[in-house]
Amino acid sequence: MKLLPKNAASRVFGAFVRLRIPLVSKIARNAFAAYYKLDMDESEFPLKHYRSIGELFIRRLKPGMRPVADSEIVSPVDGVLSQTGVFDEKQELIQAKGKTYTLKDLLRDEEMAMRFEGGVFATIYLAPFNYHRIHSPVKGELVDAAYCPGTLWPVNAGSVERVEGLFCINERLTSRIRLEDGSEILVVKVGATNVGRIGVVYSKDLLTNAGMLPRNCKRLDWKPSEKFTFEKGCELGRFEMGSTVILVADKKIRERHPDLFKSRLGKAVKVGEAL
């Protein structure tokens, strides 16, 4: 994997899965659905509707399939909540047993990291069989977004346990949402091998691993030109293959919810479920 040009390979693979060659795409789509045992009963359309693996991967669900809980913070994705913790003075997040990374490195913004001192984080891993749309975990207003380009390591357990600072070197797109009381939450969307693209509903110009940035760009900051507000559970974006979401809540939110994320640690979660 160190030798593989992961971003370029992922763009090539992305082009392949988006192809709409009638017979080839149909066979590939059916094989993908069978291998990962996709639950098509939840899907907005039957399997035959999707003309490629790419379309199938970002499928929407039938209305009502993900009820939104009556709590302040809900899961933004389907996946497994693999890590959680409170930031100490080092502002470290747990990647895996024996491996940590800092919020400053994750965001590539020390000033922004300091705003979340004393807050809490949660890491949610999405497997290929999961629903891959991303939803807002709270009711609030979009403040800004940031795109940190990088490489595209896999984000499965093996890679997370072996690659130092994995989430700080992979491509990622962060949305900052402000609640009515001024508290804030970050939704950090991390790309991975194979396609590696992340898109958001609030901007067509923000699309990771699409060759949109200058060669040596370390971080692209983006601010909305108009007001964007999200109801809890509304769609925020999508993953196109391989993915992890890291939620970062500030100290105000942690103080309101001292046990935030703890009861779901190690468990599967679905969009809209209380955290």
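Anyway, here's the lowdown on the structure attached to this text. (Residues numbered from 1 in each chain as written. Predicted model: local features only at pLDDT ≥ 70, side-chain atom pairs only at ≥ 80, totals over all residues. Heavy atoms only, no water.)

Of all hydrophobic cores here, the largest spans 35 residues; its most connected members are Ile 185, Tyr 202, Leu 206 and Phe 261. Broken down by secondary-structure element, the contributors of at least two residues to this core are strand S4 (120–126), strand S6 (140–148), strand S7 (172–178), strand S8 (184–190), strand S9 (197–200), strand S13 (235–240) and strand S14 (243–249). Top contributing element to this core by residue count: S4, with four residues. Leave out the neighbours within four places in its chain, and Ile 185 touches Ile 73, Phe 116, Pro 137, Val 138, Ser 175, Arg 176, Ile 177, Leu 179, Val 248, Ala 249 and Ile 253. Listed in part, the 24 residues of the second largest apolar core include Phe 87, Phe 116, Phe 167 and Cys 168. (Core = buried A, V, L, I, M, F, W, Y, C linked by side-chain atoms within 4.5 Å. Buried < 20%, exposed > 50% of the residue type's maximum accessible area, 1.4 Å probe, protein only. Helix = DSSP H or I, 4+ residues; strand = E, 2+ residues; numbered from the N terminus. Contact = heavy atoms within 4.5 Å.)

What follows concerns empty space enclosed by the protein. Taken as a whole and assessed by the stated rule, the structure comprises two cavities of 30 Å³ or more. Approximately 80 Å³ is the volume found for the largest cavity. Along its surface, the largest cavity is lined by Leu 107, Met 112, Asp 144, Ala 145, Ala 146, Thr 174, Arg 176, Leu 186 and Arg 219. Sorting the residues of the lining of the largest cavity by element identifies S6 and S7 as the ones contributing at least two each. Per-element accounting of the lining of the largest cavity gives the leading share, three residues, to S6. The class makeup of the residues in the lining of the largest cavity is five nonpolar, one polar and three charged. (1 Å grid on protein atoms, 1.4 Å probe; cavity = no way out; pocket = protein on both sides within 12 Å on 5 of 7 lines; lining within 4 Å. Points joined across faces, edges and corners; volume = space filled by probe spheres on them. Nonpolar A, V, L, I, M, F, W, Y, C, P; charged D, E, K, R; others polar.)

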